[in-house]
Amino acid sequence: MNNLILLVPLLPFIGFLVNGLFRKSLSKTMTGVIGSGVILAAFAISIYLFLQVRSGGAIPTSVYFDFINIDKLNVQFAFQVDQLSSLFLLIITGIGFLIHLYSTAYMHEEKPEHFARYFAYLNLFVFSMLLLVMGANFVIMFIGWEGVGLCSYLLIGFWFKNTNYNYAAKKAFVMNRIGDLGFLLAIFWIIAKLGTSNYADVFASVKSFTPAELTGITMLLFVGAMGKSAQIPLYTWLPDAMAGPTPVSALIHAATMVTAGIYMIARSNIMYTIAPFTSHFVAIIGLATAIFAATIALKQNDIKKVLAYSTVSQLGYMFLGLGVGAYTGAVFHVMTHAFFKALLFLGAGSVIHAMHHEQDIRNMGGLKKYMPITHITFLLGCLAIAGVPPFSGFFSKDEILVGAYNENPLYYYIGLAGALMTAFYMFRLYALTFLGKFRGTHEQQHHLHESPSAITFPLIVLAILSVFGGLLGIPALFAENAHSLEKWLDPIFAGSHEYTTAHHLEHSTEWMMMGVSTLLIVVIIVFAWRSFSRKERFEENKGFGKVLENKWYVDELYDNIIVKPLNGLAGFFKDVFEKNIVDGAVNGVGRLVQYSSRQVRLLQNGQVGSYILVMVLSLIVIVLLFREQTVIVSALRKIF
Amino acid sequence: MIPVLLILIPLISGLISFFIKDVKAAKGWALLSSLVTFAISVAGIWIYNQPANLHYDAAWLPALGSRFTIGLDGMGQILCLLNAVAMPIIFVSTYRNMYQNPGAFYALMLLTQAGMMGVFLAYDCLLFYFFWELALIPAYFLCSQWGGEKRIAVTFKFFIYTFVGSLLMLIGILYLYYKTPDESFALKAFYNVVLTGNEQSFMFWLFFIAFAIKMPIFPFHTWQPDTYEQAPTAATMVLSGVMVKMGIFAVLRWLVPVFPAATEQFSQLIIILSIIGMLYASLIAIRQDDIKRLIAYSSIAHIGLMSAAIFAQEKTGLQGVMIQMFNHGINVIGLWIVADAIESKLGTRKFSQLGGLAQKAPVLAILFVVMALANVALPLTNAFVGEFLMFNGLFRYNIWMSAVAGISIILAAVYSLNMIQKIFFGETNALTEQATEARSNVQWMLAILAVVIIVLGVYPQPMLRLTEDTVNTILAAVK
């Protein structure tokens, strides 16, 4: 079993090596087969492991070797396949495979060498994400954690000739690193306290932490999650990460990377449950991000930007769920979001492909009749993300919102407002892209076509999942004991249940909440549909609209309060402080020595008489000073 | 016999090299010598690693009570291995570089190696001092004879700086010598010497300044960027890859265990100084426009962390320092190889004149990215293990200090990625348009380093084991 488990991350790694090392000699077909094949194989093993867990419970930790073993500190290279990680394995490798398959068509214009480089990076990305979720301790998680940061850097900057893309890539890496520092400090704290970072040991001894320690550790871990999962204030890298090829966006937003923060907190749920301060903080940050990002998405015109901000917003919902203790709901939303967000990004990619790299939705419109499959699947994705029953997003979002209501009704109302905005911007996007008349150039119109089957097949699969995925978590309201995901994840969250009292809303309240929110969402969808399906002219945004279009000027703010001052300080150090003060002092000492030696040199006037005088005087001084030191006296006696 | 050979082979082959006139013969001779040294060093770790083979003692200056006592403990093994690995890699990767009077150039390189070996091996303080100077003087000639335009002024500063340090240390050594009961320079005698509190503090600073200059620690670092910039690259690689470790090594062997009380007393001050240096050097690195100067400042930042971890006096941190001494050497040599390849091909080191090289030299780009990622201590590269352990040690010393010092890992990402981006990414310009792939000797050496980086990053445990005893000895002396 250990070897089989090891194969899951090893296969993508082998794919990375083969595609990376032989990128000049492999044909595109071979590259595609290897790159996608290893992920498919990993998916197959993941299914097997999932079934194993289903029949026999969590598989015992597989230990491979001692990574670092010093006295009390023992970090093992070990993997853990249990209910939570096996679920993530399916998402990562399953959706990962579809994205690989899609990429064989999407990236086909690249030269073979770059095509292979792309697949190598993609494989490495999956490998890192697998390490992240399979690790049996926080250090292995951190290895994968930084690994996905690296891969996002490499893939965002994939077209490395473009300087702006490089800046976006660097921004992603650096912002992630800020979060990583928090994560790292949390690990040190855990190790300092327990000497281990194994999940099993840490979670078993949570009670040995003082409340202050636990708050500190969970807050630091959350700083890491803010970076990786793009929460306020570390979210600005994710929208810029659009610079990468579109399937990469799908990978980052759905299968890998941004879900890491959710995974981390879900994994350490027990620590958060007994650290109420942090949990409140997580909920508030999540809610704020959900709303804030949604407002920005209202006014974006780049098809990928809208989707990017919607991801930031949806991640906010997941953190809201984690913060209010609706852990199952958060993981559920990770899963359904992975389905519909992968679908939407790949659909957007299909559109961009057909439009010859046009991304501005103001220049699209009417694509419905040219791209029927892309159109239908995209529409299903929009319905799912908007939370229309019975599509998948409805169930998972509802579960989070109900959890939020139990914690604080205000959370629910704000969350609902965000959900309405989601419905609005998604259907604005849909209507502008697919309905009405085509607004692009004639040349673009001439080339419009449905994408090849390597692109449409993943779309269809993902659409099916987006439609029916919600059935895994049917709320008790509809049928008792039909929430299979909750049962599945119960062993993971069982520890937390001890500390929480289960709230149960009156069924009538719950029906009403569900009815009202569904009604409002449908109204918003109809409104957006009607306003944007015949839109021909676009006025420039003014006032508040302009603020939203410019993303609340947060990038500019960061630039002015962090980047520029630091750069200025660095420049001051380099050009002024280092040159004049530090080195100046050194040179000053040097000059002082030179000066005094010049003075001393005057003594060397070449007159033997004065030399002898100085010598005798010196000897007298020496003898007087050291008259007890017999060595010197006897030496002098010998000389004279 | 192993330690004796480690010193004698580079020493004798270095002396012979002075008489070699032919370029190829000089290069071949130096390479041969360095490979033999490497083989012996490896043998000393994996085959002949019984204590009898690793220690040697003979009369040297009986009148003074100084003996020729040398030996290899875990720390010595790691550093001798670094010294032995570095030389062949340096010789091969700079094989195409032409020097006037090549026999003398390679002779001085080998003598430097011999001197550094002696430093890492000496168990007698006078012997240590002797080798310390033996390593310094050839390095000085290498810089002043084969360096860049400003070499004379810069090397003079380098020499005076380190020489002042050496003199302070000599005073300290002699004072301690008189304090030992039987007037001896032996390491054991130094460890047992009894000093008053004031004496300890005073002596501590005499030694510390010498070592701080060598490492270097802020604010004693200004000789370094200038020297690295002006020295011939082969010498720069030796200076930053290996010689810098003399300072760290000396702190661990001749400072901390000898003056435990003073170490305790001043550790906080030095840690703060080191952390300031880390952030200061990292910020300056962000604004550099010169590859060599960027690497120099980045190196100062990394050394600062090692210094902080030493004075945190915590086991995991010290283990991190041990492994990081080796790793830093490997990584920084890798960076220099790329810097040299670019400079010798395009005649510039300025970022503002570079760009787009990834299109022209993809292999060099990939290998450089590996080096740069090791420089940012990405997990599964060698430096992660060292930095993880050092930060961990620092964290146990003081949470806030490790958090502040941790900012340097963010800044490291900024300047390292800047470096990649400005050299390799973007569009080519008129100059870089003519660039071609790096020569195969450069590619091979970088590839070897890359493999070492990954292997040590994935499986560091054997190397950690190697130095465990040394760390325990140091901690025992302090407690």
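Residues numbered from 1 in each chain as written. Chains lettered and ligands numbered in written order. Predicted model: local features only at pLDDT ≥ 70, side-chain atom pairs only at ≥ 80, totals over all residues. Heavy atoms only, no water.

### Some points on the overall build of chain B
Stage number 1. Counting its secondary structure elements, chain B contains 21 helices and two strands.
Stage number 2. For 479 residues, the compact-globule estimate of 2.2 N^0.38 gives 23 Å, and the C-alpha radius of gyration of chain B, at 21 Å, lies within 12% of that figure.
Stage number 3. With the C-alpha coordinates of chain B rotated into their principal frame, the extents come out at 70 × 55 × 45 Å.
Stage number 4. Looking at the 479 residues of chain B, the share that counts as buried comes to 69%. (Helix = DSSP H or I, 4+ residues; strand = E, 2+ residues; numbered from the N terminus. Rg over C-alpha atoms; globule rule 2.2 N^0.38 Å. Buried < 20%, exposed > 50% of the residue type's maximum accessible area, 1.4 Å probe, protein only.)

### Let's talk about empty space enclosed by the protein
Rolled over the atoms, a probe as big as a water molecule pinpoints where empty space is left.
All names here are of chain A.
Stage number 1. Under the defined criterion, the tally for this structure stands at eight cavities of 30 Å³ or more.
Stage number 2. Reported here for the largest cavity is a volume of approximately 130 Å³.
Stage number 3. Considering the residues around the largest cavity, the lining is formed by 16 residues, among which Phe394, Lys397, Asp398, Leu401 and Ser517 are closest to the centre.
Stage number 4. Of all the secondary structure elements, the ones that give two or more residues to the lining of the largest cavity are helix H17 (392-407), helix H18 (409-434) and helix H22 (507-532). (1 Å grid on protein atoms, 1.4 Å probe; cavity = no way out; pocket = protein on both sides within 12 Å on 5 of 7 lines; lining within 4 Å. Points joined across faces, edges and corners; volume = space filled by probe spheres on them.)

### Some points on the pattern of salt bridges
Stage number 1. Tallying each qualifying case throughout the model produces 26 salt bridges over all chains.
Stage number 2. Linking Glu146 of chain A and Arg177 of chain A is a salt bridge whose minimum nitrogen-to-oxygen distance equals 2.8 Å. Taken together, the residues Glu146 of chain A in helix H5 (residues 138-156) and Arg177 of chain A in helix H6 (residues 163-194) connect sequence positions 31 residues apart. Residues Glu146 of chain A and Arg177 of chain A agree in their burial class; the two are buried.
Stage number 3. Of the charged contacts in the structure, one is a salt bridge between Lys157 of chain B and Asp583 of chain A, with a shortest N-O distance of 2.7 Å. Here Asp583 of chain A lies in helix H24 (residues 554-601) and Lys157 of chain B lies in helix H7 (residues 151-179), a pairing that spans two chains. Just as Lys157 of chain B is buried, Asp583 of chain A falls in that class too.
Stage number 4. Beyond isolated ion pairs, a larger network of salt bridges with shared partners links Asp583 of chain A together with Lys157, Asp226, Glu229, Asp290, Lys292, Arg293, Glu343, Arg349 and Lys350 of chain B. (Salt bridge = Lys/Arg side-chain N within 4 Å of Asp/Glu carboxyl O.)

### Here we look at the packing of helix H13 (residues 276-297) of chain A against H18 of chain A
Residue and element names in this part refer to chain A.
Stage number 1. For the pair H13 and H18, the least separation of the axes is 9 Å and the interaxial angle reads 30°. In terms of their interaxial angle, H13 and H18 are classed as roughly parallel. In the crossing of H13 with H18, the sense of the turn from one axis to the other is left-handed. Facing H13, whose interface residues are His280, Ala283, Ile284, Leu287, Ile291, Ala294, Thr295 and Ala297, H18 presents Tyr411, Ile414, Gly415, Ala417, Gly418, Met421, Tyr425 and Arg428.
Stage number 2. Across the contact of H13 with H18, the residue classes tally to eleven nonpolar, four polar and one charged. (Axes fitted to C-alpha atoms, helices over the stretch in contact; angles between N-to-C directions. Parallel < 35°, antiparallel > 145°, perpendicular 65-115°, else oblique. Left-handed = near helix turned anticlockwise from the far one by under 90°. Contact = heavy atoms within 4.5 Å. Nonpolar A, V, L, I, M, F, W, Y, C, P; charged D, E, K, R; others polar.)

### What to know about the domain arrangement of chain A
Stage number 1. Partitioning chain A into domains gives domain 1 (275-539), domain 2 (550-604) and domain 3 (607-640).
Stage number 2. Taking only C-alpha atoms into account, the centre of domain 1 of chain A sits 95 Å from that of domain 3 of chain A. (Domains from an automatic or database assignment.)

### What about helix H1 (residues 2-17) of chain B?
Stage number 1. Look at H1 of chain B: 22 Å from first C-alpha to last across 16 residues, which is about the 22 Å you get at 1.5 Å a residue.
Stage number 2. Burial in H1 of chain B covers these residues: Ile2, Pro3, Val4, Leu6, Ile7, Ile9, Pro10, Ser13, Gly14 and Ser17 of chain B. (Expected span 1.5 Å × (residues − 1).)

### Description of the state of the cysteines
All names here are of chain B.
Stage number 1. For the coordinates displayed, the defined rule picks out zero disulfides over all chains.
Stage number 2. Among the cysteines around Cys125, which has no disulfide bond, Cys80 carries the closest sulfur, lying 17 Å off.
Stage number 3. Under the relative-accessibility criterion, Cys125 is labelled buried at 0%. (Disulfide = S-S within 2.5 Å.)

### Details of the pairing of strand S1 (residues 55-61) of chain B
Residues and elements named next belong to chain B.
Stage number 1. In the sheet, S1 pairs with strand S2 (residues 66-71) via six bridges, with the strands oriented antiparallel. Directly across from Asp57, in S2, lies its bridge partner Thr69.
Stage number 2. In textbook terms, the turn of a hairpin is the stretch between consecutive antiparallel strands, and for S1 and S2 this stretch comprises four residues, one of which, Gly65, has a positive phi near 80°. (Pairing = 2+ DSSP bridges.)

### Topic: the interface of chain A and chain B
Stage number 1. Contact with chain A, which involves 50 residues of that partner, is made by 59 residues of chain B.
Stage number 2. Interface area for chain A against chain B, summed over the two sides, is near 5000 Å², with a carbon-plus-sulfur share of 72%.
Stage number 3. In this structure, the connection of chain A to chain B is made through two salt bridges.
Stage number 4. For Lys315 of chain B, the salt bridge goes to Asp71 of chain A, with nearest N and O atoms at 3.1 Å.
Stage number 5. Run the count over chain A and chain B and you get 13 residue pairs in polar contact (both at pLDDT 80 or more).
Stage number 6. Only strand S1 (62-70), helix H4 (112-134), H5, H6 and H24 of chain A provide two or more residues apiece to the side of chain A that touches chain B.
Stage number 7. Sort the elements by how many residues they give to the side of chain A that touches chain B and H6 of chain A lands first, with 16 residues. (Buried area = accessible area lost by both parts, 1.4 Å probe. Polar contact = N/O pair within 3.5 Å; in protein donor to acceptor, adjacent residues only side chain to side chain.)

### As for the side chain of Ser128 of chain A
Stage number 1. With respect to the secondary-structure elements, Ser128 of chain A resides in helix H4.
Stage number 2. With near-sequence residues (within four places) excluded, Ser128 of chain A lies in contact with Gly144, Gly147, Val148 and Cys151 of chain A.

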